[in-house]
Every structure is written in C-alpha cells, then in structure tokens.
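Close look at the chain arrangement
In case you want the letters, here they are:
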Amino acid sequence: MTEPVLSIRNLTVDIPTRRGLFKPVENVSYDIRPGEIRGVVGESGAGKSMTGNAVIGLLDPPARIAEGEIWLNGRRIDQLDAEEKRKIRGKEIAMIFQDPLTSLNPLFTVGAQLVETIQLHLGLNQADAKKRAIDLLDRVRIPNPEERFDQYPHQFSGGMRQRVVIALALCSEPSVIVADEPTTALDVSVQAQVLDLIKELARERQVGVILVTHDMGVIADTTDQVTVMYSGRVVEQGATAQILGAPQHEYTKSLIAAVPRPQVKLHRFPQVSYGGRETTFKIEDLARNWDRSTTSQSGTLLQVEGLTKRFLSKGALLPSRREYFTAVDNVSFDIKDGEVFGLVGESGSGKSTVARMIATLYPVDGGKITFDGEEMTAMDKEGIARYRRQIQMIFQDPYSSLNPRMSVGDIVAEPLIHHKILPRAEVGARVRELLDRVGLASDAHRKYPHEFSGGQRQRISIARALATQPRFLICDEPTSALDVSIQAQILNILKDLQEYLGLTMLFISHDLPVVRQMCDRVGVMRQGKLVEVQETGALFENPQSDYTRELLDLMPRLEQLSEEEFAGLREQG
Amino acid sequence: MLSFILKRVGQSILVLLITGLVAFSMFTFVGDPIDNMLGQERTMEDVERLREQLGLDQPFVVQYYRFLEQAVQGNFGVSYRQGRPVAEILLERAPATLELAAVSGVLAIAFGIALGVFTAIRRNGIAANVIMSASLIGVSLPTFLIGILLIYLFSVELGWLPSFGRGETVDLGGWTTGFLTVSGLKALILPSITLGLYQMTLIMRLVRSEMLEVLRQDYVRFAKARGLSDRVINFRHALKNTMVPVITVIGLQLGSIIAFAIITETVFQWPGVGLLFINAIQFVDIPVMAAYLMLISVMFVGINLLVDILYAFIDPRLRVAA
C-alpha cells in the first residue's frame, strides 16, 4: 500500500467560549492516499468542514488546533507559522468551496485570477503563466479557453464557475484537494459533470481528495473511503462500499435510511432518529381549527394556460432594438384540489419563475392563471388581495427569507395583520399557537431569526405561510439548503399539511428522489418549456422524453444498498 | 453603454435647466432689478425705457430663454455692485477655489482610503481604535470651529503658517496659481485641512465598513486558500470591491467641497468664489448669485456624470447590464 499524502492524527479543534471550551472537532484521525477520494459526511455542525479548514490552516480565530498532528508528504504542518502555512496553501493543498457564484472575485477576469495564482506558486513570466492558465481551463473542459480567459466570472454559469474554481485549485499541481460541498449548489446534471472531473483528477493526477458533503448519493457515487462524523467525532470510517452496505453505528444506519429513494414511494420520510432530537408537529391541533369550508367545484384548483414570461436581456433606447430572454415559454398545466404537483428541471429552466408568477411576484407577460374558476390574470385589486391570501409561499433559503430585524412573532403576525384576518388583540395568541404547532418552543415569538437553526427557520416560514389558512402552498426548493435529517422533518410536515388539511401544493425541486416521495404528478421543465407531465410513478419508471431520461440517469444513487437491506433498515429506524 | 451615457447626459441637462430656472427667478422675485440699477432720482419714463431696453417687458418664458442663451455663452450679466461682467469676476476668483478644493479633495481621498483600509485590517488594534475615535471629532466639529482652532494653534501660537489669504500668486495666462510659491503653498495648508477633514473622516468610515464587509466574502476566503499574501488580498482583491459605493460618496462630497468652501473661505478670508458669494448675498448682487448657483450645479452634475461612467470601469457586471 502506498504511503498517505495526508495524515490526520487525533485532531482536536477547540473554541474558547464564555461557557468553557467548545470542541467542534474531537480526536479525528484519517489518512488520504494519492489518487484516493475520502468522503466526510455528517450533518451541519458535525465538524466536517472544520476539519478541512484545520488541514489547510484557515481556521477562523478563536478556533485553534488544540491537539493532534497533521502530516503532509512526510512533513508535519500543523505547527508551522502563518507565513509557512500560507506557502503550502494553494501549492500543496488546494481547496474548493461550496458556492462557485461567490468564490471568484467578480471584478477580475478569470484569466487574471489564474495567472496571479500561477505566478505566485510557480514564478512563471506573464506569457508562460497565461499559457498554463489556458491549458488548465482546457483541462477542466471549459470550451474555447482562449476566449474564456478574458471573461469575467459573471459571464460563466454555475457549473462553469466551479470548473474555474477547480482550475484555480490545480494551478500548482497540489497533492491534496479539500473539496467542501463542491456540488451542493449545483444542478443534478452539472453535479455529475463536476464529480466526474474530480474523479478523473484523482485517478490521473494521483491527487488525494477530501470530499466534504452531506449528500449520501454523492458519497456512494464518488468516494473510495468514507468517514462519518457526528457532533465533532468520527463515529465510523472505512471503505465506502462497506460502510454503506453494512453500517455498524446507529447514526450511520439512520443517516442512510433517511436518504430519500427514487425507487419506491414511502408514506413518510424516514427520519434520522439518532440523537433523539425529533420535534413534534401538532398537525391534529392545527387541523381542528382549520377553516376547510371551501373546496373548488370542478376539482381543479389552479389552471395555468400558455404562461409566458420574458426578461429584458439587452436594453436599448429604441424598443425595437431591445432583446428579451424568454424564461417561461407557453407553459400549461393544471393542479387538482388536494394534489401535490412537482416541477423539476435544471436551474434556469424557469420553474421558479412559474411559481413567482402564480404568487403574483412577477407580472405575467402572456397566458392566464385561473384559480378556483376565477381568472387571476384578470382580477382587480381586491380580487388579487383575496387571491394572495389563499396562496402562500415557502422559499428556498430560510436565512434570507426571514427579516433579520423582525422578531419571529412579528414575522408570523404580519400576514394576519395585513389581510385583516383577526382583530389585533387576538393576533398574539394565534401567533403563539401557530409557532407551537410547528414544534417551536413557547418563547420562540420573542426571539429573532438568527437565534434559530436552518430547520427551525424553515418551520417559522411554514408557520408564516399557514397564518392566513391558505388553500394553495408554493414550496420553492424548501429543503435544498438543509441537511438530510432536517430535510426529512420538514418534508414530513409538508406531507402532513397536505394530508390533514387538504392543502394543494406546487412543489419545486431539483432533487428527484425528494420529488418522487412528495408529489402526485410531476412536470419536467427545460429552457422555459414544459417537456413532460406525468403521474410521479410513471415518470420515474417510464419517462417519455429523452431529457427526463437523462435527468433520471444522472441521479447519484445508493447502489450499494439493495431494496431488502433498505427495508430492513427502515424497520430499525 | 452609449445609451446609458446618453440617458445620464439627458438627465443632467434636465437638472441644469431646473437650477437655471431657480437662478433666473431670483432676478424676478428677489427685488426689482430696475430699482437696483436706477437710483432714487428717476422718472417713470426712465423706468419704462430701461425695462424695454433690457427686455423685462417680455413674457417670463422669453426672458428665461434669453437668460439661458446668454448663460450658455458664458454671459451672466453685469454685477450690480462692482459694475463689471460677472463672468470676468468669476474667472478671476475661480482658480483660488478650485485649487483649494483640489488640494483638500486629494487629501481627503488619499488619507480617507488609506486610513479606512488600515482601520479595517487592524480592526482590533490600538492605533485603529484611536483613529476611529478621533474620526468622530472630525465628523462632529463644525468646519468654522476647526478653522479657528487651527489658526489659533498654527498661526497665533506657533506662528508657522499664515492665518488668511492666498499668499503670493503667479499669473499663468489668466489663471492665478498659489502652487508655485512657498507662501502660496503654506497658505493652502490650513484651509485645505479645514475643508477636507469632514470629507476625509466620512470616506474613511465608509471605506472601513465596506472593507469589513468585503473581507467576509467567500472570494476573499478562496483567495486565502489559494495562498495569496495578505497584501495582495487586501489591496488588490478587497479594495477594488469596496470602490463602487465609495466612489458614489466621493463624487457627492467633491461637489460639496466646492459648494461649501464658503465657510472655509470666510474663516480664512480666501479670495475665492465662496467669499464672493457671501459678499454678493450681503449686497443682494443677484447676477453674481445666479451665476454662482449655475456654476456649482454644473460642477455637481459633471462630477456625478463622471462617477456614473467610472462605475462601469470598475465593475464589469455593469458594463454588460447597461
């Protein structure tokens, strides 16, 4: 067996706080061999990124390495001073971050950023550095590298930017790459391409890769070795096939069980039961007070016909010279009363734009939307106000969809006050009731959004959406910013809402297994057009369009697990 | 890009037309120019004749048009008080103000940005904290008080620098400059510090907060992960990203340095347009006031037009969007 390029021995990171030492990473050890990809998996806060940061020497003070050793190519690097650590960074250990949209400086060309890094590490002259930069862009398979060299980051798509980031990481042939959730922000199809690229680099250039992720599918698909972390500690590690096929630790078992499957539809999402942090959602209480007097006559709640949206892409003084980008092109579908309708597609396919037009956040450029037999696109101001009350939306990012300067109580009260649903005096009681029912503590209304975790914030969003007792809920990627374990909780809440309250839902996601579990029917969008609408089961088993088939093929799968093993796990979980 | 600039130029012209209207209406509404021009001894015929001669019997719109026509050609009429063409007086005074504004603008920008970056990088250092506290004084003390304090300290007590005037000047074909003589340069020091101090502290505090924001961004973290040195990260990557909001404020502040040089010029008896304006107000010398108003608005509008174009230079994203 070859010598490891990177070796972490009993690493402990601590952060002094007012309440004593907090240890986000405790006694972690693992090795990376050349050409090996090691997955590090666990929920957020498990210490997986912190370990990567410690390796590359980018711990944010006051966090510091308290104990343990880090060896790189036979040299101990954890005790080096700041300047020597800086010299290793980018040269021997490189890093890839989660969000390619923010990891490049927007004001410099891609070429300038590459040349700068190459010159720093290799000391080449301008012309040679440029040659190498174009070579690198070519190697990460960016088309027309000469032309792309002089472009700015905003001229690249998300997947292309992540390739640029990888090219930057490769500038001086590092022996280890720390990839921190490199594909979490990307679409399924782009994710597959980026992961292939990483696999190829590991194989051909013998780079050791630490792949930090919370996605079990990515782990199964890409890694050779896996380390499972829970609250700062390694609970289990070993060969990927072995860990996923026969997990020993309870946490690993429940983590694997919680991954949504595309193959079968289950009644509920299995939750990560380890740690006993499941919070209750009191759906029965909520259902008792729910005003369900209104059901639509025809059985169809929302009808969308020929919906079109164009955005100005090139402005000009003369209207005839303006250019438009058609984001949504003649889309038609209808959603039955009490149904969960899914919309899937890559980013930029127009699925969120459709949702925003239905929610009246964007004006409609063409076509019509009919809600419960009434044409929304022809409503007057009062009609729209009534319509808005019946439609509520849950957004993707629970961090930016709640006003940080408002208390949670005020956030949930706002729709009640705006739509004049309750007299002022009764609003406070209703807000507390709503928060209690989505499983938040009794003093939650006095706190501010930053005091809550991602999953709790998404519960606040749900409470806010439920305040007006809507009939139609639009969920725009409600869980893509959340961990598997929290995702399961939130999705179960949404399932309950649909089941007990008869809510109709438009569910937007790029995560196909989640769509399989959530939706009754699914529409597939591509480049603004709806290419296919089918019952969920039929779509997954017998896709009609080539594009849907392509999407399904790109899904990372937990192939190591057979259905029987999975069923067994579910029973234990 | 061209349509963007054309749009901005169009807006600038509209702004100038409106300030022109305000300047012009001073003639009509602040006293009667005929009263000002003819003394106590006058006949009704004299009044009528002069009114006709000056075109004051014409409708308002026609008069406004004529005013604009003349103003564009640099003709603002004759000063009531000095009896000389206003344009001539302004040209004579402008170099003093422009030189003062240029020196204090450069001081404010150079020190403001440098100190802003310094206090952002050494956020918790003692020096940075001292500078931040001291900057509060710069923001909160009124200009005239700073001027008087400086005069007291450096002119009265220490006797190092002159307390008033421009010192000796050199005439370069109609432009009198104080840059070429020792006494001229010495005379510039105190007024330009007085004038620029407020702008400097403002720029500094803005650069600092923008810089702190930028240093938290992912691309700065990624730049660190690439092994770039702190110097490159701070001055190349971070500083450029702070520039868009900073330039906006600098644009507005440069305009106000010129416009509000009045107070500094009064304190230091600086023979610039500000002092001219103050004297004009005292004597209700309306042609001078109107011309001054127009001059300032042209400068404001011009600087801000320049700032808008600079944005596109700094941020490539605006180039494509526009």
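All values reported here derive from a predicted model rather than from experimental measurement.

Quick look at the overall build of chain B
- For chain B, the helix and strand inventory stands at 14 helices and 2 strands.
- In terms of its C-alpha atoms, chain B occupies a principal-axis envelope of roughly 85 × 55 × 35 Å.
- When burial is assessed residue by residue, chain B has 42% of its 322 residues classed as buried.
- The contacts of chain B with a sequence gap of at least 6 include a subset with a gap of at least 24, amounting to 71%.
- Total accessible area on chain B is roughly 16700 Å²; 67% of this is exposed by carbon and sulfur atoms.
- Averaged over its 24 positive side-chain charges, chain B has a centre that lies 20 Å from the centre of its 23 negative ones.

Points about the overall build of chain A
- Regarding its fold elements, chain A presents 21 helices and 20 strands.
- A globule of 573 residues ought to have a C-alpha radius of gyration of about 25 Å, and chain A, at 25 Å, matches this closely.
- Here the C-alpha coordinates of chain A stretch approximately 75 × 60 × 50 Å along the principal axes.
- When each of the 573 residues of chain A is scored for burial, the buried share is 55%.
- When the accessible surface of chain A is totalled, it reaches about 24500 Å², and 46% of it is carbon and sulfur.
- When the 68 basic and 77 acidic side-chain charges of chain A are each reduced to a single mean position, those positions are 4 Å apart.

Let's talk about the interface of chain B and chain A
- Taken residue by residue, the interface counts 24 residues in chain B and 29 residues in chain A.
- Interface of chain B and chain A: buried area, both sides summed, is about 2600 Å²; carbon and sulfur atoms make up 59% of it.
- If you sort the residues of chain B by the area they bury against chain A, Arg221, Phe222 and Arg226 of chain B come out on top, with a joint share of 28%.
- Put simply, chain B and chain A have 3 salt bridges between them.
- The salt bridge involving Arg221 of chain B is made with Asp60 of chain A; its shortest N-O contact spans 3.5 Å.
- Linking chain B to chain A there are 14 residue pairs in polar contact (both at pLDDT 80 or more).
- Those elements giving two or more residues to the side of chain B that touches chain A turn out to be α1 (2–29), α9 (218–225), α10 (230–259) and α14 (316–321) of chain B.
- Among the elements that line the side of chain B that touches chain A, the one with the most residues is α9 of chain B, at 6 residues.
- Classifying every residue of the side of chain B that touches chain A gives 9 nonpolar, 5 polar and 10 charged.

Some points on the UniProt feature "domain: ABC transmembrane type-1" (unreviewed entry) in chain B
- Sequence positions flagged by UniProt for "domain: ABC transmembrane type-1" (unreviewed entry) are, in local numbering, residues 94–307 of chain B.
- Measuring from the first to the last C-alpha atom of residues 94–307 of chain B gives 23 Å, for a span that is 79% helix and 3% strand.

Focus: the sheet that holds strand β6 (residues 93–96) of chain A
Residue and element names in this part refer to chain A.
- Strand order in this open sheet of 6 strands is β6-β7-β8-β3-β9-β10, and the pairing throughout is mixed. Every other strand in the sheet has two partners, leaving β6 and β10 (233–239) as the edge strands with one partner each. Going from strand to strand, the sheet's axes swing by 15° on average, the running direction of each strand aside.
- Relative to strand β7 (residues 176–180), β6 runs parallel, the two being bridged by 4 bridges. For Ile96, the partnering residue across the bridge sits in β7 and is Ala179.

Description of a nonpolar patch on the surface
- On the surface, Phe144, Leu145, Ile148, Leu149 and Ile263 of chain B cluster together to form a nonpolar patch covering roughly 430 Å² of accessible area.
- Counting through the fold element by element, Leu145 of chain B comes out in helix α7 (residues 143–157).

Let's talk about the packing of α1 of chain B against helix α4 (residues 60–72) of chain B
Residue and element names in this part refer to chain B.
- Interhelical geometry of α1 versus α4 gives an angle of 115° and a closest axis separation of 10 Å. Comparing the axis directions of α1 and α4 gives the class roughly perpendicular. Along this stretch, α1 crosses α4, giving a crossing that reads as right-handed. Between α1 and α4, the contacting residues are Leu17, Gly20, Leu21, Ala23, Phe24, Phe27 and Thr28 on the first element and Phe60, Gln63, Tyr64, Phe67 and Leu68 on the second.
- Along the lines of polarity and charge, the residues of the contact of α1 with α4 split into 9 nonpolar, 3 polar and no charged.

What about α4 of chain B?
- Relative to the 18 Å expected for 13 residues at 1.5 Å per residue, α4 of chain B spans 18 Å between its end C-alpha atoms, a close match to the ideal helical length.
- Count one or two residues on from α4 of chain B and you reach Gly74 of chain B, which has phi positive near 85°.

Some remarks on helix α16 (residues 454–466) of chain A
- Between its terminal C-alpha atoms α16 of chain A stretches 18 Å, which fits the 18 Å expected from 13 residues at 1.5 Å a residue.
- In terms of burial, α16 of chain A is largely enclosed, as 12 of its 13 residues are buried.

Observations concerning the UniProt feature "domain: ABC transporter" (unreviewed entry) in chain A
- The UniProt feature table records "domain: ABC transporter" (unreviewed entry) at residues 6–256 and 302–552 of chain A.
- Counted over residues 6–256 of chain A, helix gives 39% and strand 27%. Its end C-alpha atoms are 28 Å apart.

A look at the pattern of salt bridges
- Going through the model one piece at a time under the given rule, you end up with 32 salt bridges over all chains.
- Through salt bridges that share partners, Arg132, Arg139, Glu173 and Arg205 of chain A make up one connected network.

Quick look at the environment of Leu172 of chain B
- Inspection of the secondary structure puts Leu172 of chain B in strand β1 (residues 170–172).
- For the pair formed by Leu172 of chain B and Ser12 of chain B, sequence separation is 160 residues and the distance between their alpha carbons is 32 Å.

Some words on the side chain of Asn105 of chain A
- Looking at the secondary structure, you find Asn105 of chain A in the loop between β6 and α3 (110–122).
- When near neighbours in sequence (up to four residues on either side) are disregarded, Asn105 of chain A contacts Gln113 and Pro153 of chain A together with Tyr219, His237 and Asn241 of chain B.

Structural notes on the sheet that holds strand β16 (residues 391–394) of chain A
Residue and element names in this part refer to chain A.
- Pairing within the open sheet is mixed, and its 6 strands lie in the order β16-β17-β18-β13-β19-β20. If you trace the sheet from one side to the other, it starts and ends with β16 and β20 (529–535), each paired once. Ignoring strand direction, the axes of neighbouring strands in this sheet form an average angle of 20°.
- Pairing of strand β13 (residues 340–344) with strand β19 (residues 521–526), which is carried by 4 bridges, proceeds in the parallel orientation. Note on β19: the bridge partner recorded for Val344 is Val524.

Topic: the state of the cysteines
Residues and elements named next belong to chain A.
- Taken as a whole and judged by the stated rule, the model has 0 disulfides over all chains.
- There is no disulfide at Cys475, and the cysteine sulfur nearest it, in Cys519, is 9.3 Å away.
- The class of Cys475 is buried, set by a relative accessible area of 0%.

Considerations on the nonpolar core
Residues and elements named next belong to chain A.
- Membership of the largest hydrophobic core comes to 73 residues, with the highest contact counts inside it found for Leu6, Ile93, Leu114, Val164, Ile166 and Ile210.
- Those residues in contact with Leu6, other than ones at most four positions away along the chain, are Tyr30, Asp31, Ile32, Val55, Ile70, Trp71, Leu72, Val176 and Ile210.
- With 52 residues, the next largest nonpolar core counts Cys475, Leu501, Val514 and Tyr547 among its residues.

About the criteria used
- Along each chain, residues carry numbers from 1 onward, in the same order as the chain's sequence is written.
- Here chains are named by letter from A upward and ligands by number from 1 upward, in the order in which they appear as written.
- Where totals are concerned, whole chains, interfaces and linings use all residues; where local detail is concerned, this predicted model gives features only for residues with pLDDT of at least 70, and gives and counts side-chain atom pairs only at 80 or more.
- Hydrogens are left out, water is left out, and the side-chain values use all remaining heavy atoms of the structure.
- Helix and strand definitions follow DSSP, with helices as H or I runs of at least four residues and strands as E runs of at least two, each counted in order from the N terminus.
- Any residue under 20% of the maximum accessible area for its type is buried, any over 50% is exposed, and the rest in between are partly exposed; the area is computed with a 1.4 Å probe on protein chains only.
- Note on definitions: a residue-residue contact is assigned when non-hydrogen atoms from the two residues lie within 4.5 Å.
- Calculation of accessible area relied on Shrake-Rupley with a 1.4 Å probe; when residues are assessed, cover is drawn exclusively from the protein chains displayed.
- Under this rule, positive means Lys or Arg and negative means Asp or Glu; His and the chain ends count for nothing.
- Lysine's charge is taken at NZ, arginine's at CZ, aspartate's at CG and glutamate's at CD.
- Each radius of gyration reported is based on C-alpha atoms, and the globular scaling rule is 2.2 Å times the count of residues to the power 0.38.
- A simple way to read buried area is as the amount of 1.4 Å-probe accessible surface that goes missing from two parts once joined, with both sides added.
- Basic side-chain nitrogens of Lys or Arg form a salt bridge, by our definition, when they fall within 4 Å of a carboxyl oxygen of Asp or Glu.
- A 3.5 Å cut-off defines polar contacts: any pair of N or O atoms within that distance qualifies, except that in protein one atom must be a possible hydrogen donor and the other a possible acceptor, and neighbouring residues in sequence count only when both atoms are side-chain atoms.
- Put simply, Ala, Val, Leu, Ile, Met, Phe, Trp, Tyr, Cys and Pro go in the nonpolar bin, Asp, Glu, Lys and Arg in the charged bin, and everything else, Gly too, in the polar bin.
- UniProt positions are given in the numbering used here, feature names are shortened, and annotations may be inferred rather than shown by experiment.
- One requirement defines pairing of two strands: DSSP has to find at least two bridges between them.
- For helices, the fitted line uses only the C-alpha atoms of the stretch in contact; every axis is such a line through C-alpha atoms, and the angle between N-to-C directions lies from 0 to 180 degrees.
- A residue counts toward a patch only above 30% relative accessible area and without a salt bridge, and it is joined to like-charged neighbours within 9 Å or, for Val, Leu, Ile, Met, Phe, Trp and Tyr, to nonpolar neighbours within 5 Å.
- Should an angle fall under 35 degrees it is taken as roughly parallel, and over 145 as roughly antiparallel, whereas 65 to 115 is taken as roughly perpendicular and any remaining angle as oblique.
- A crossing counts as left-handed when the near helix is turned anticlockwise from the far one by less than a right angle, and as right-handed when that turn is clockwise.
- The span expected for a helix works out to 1.5 Å for each residue beyond the first.
- Disulfides are defined as cysteine sulfur pairs within 2.5 Å.
- Side-chain atoms within 4.5 Å link the members of a nonpolar core, which is a set of buried Ala, Val, Leu, Ile, Met, Phe, Trp, Tyr and Cys residues.

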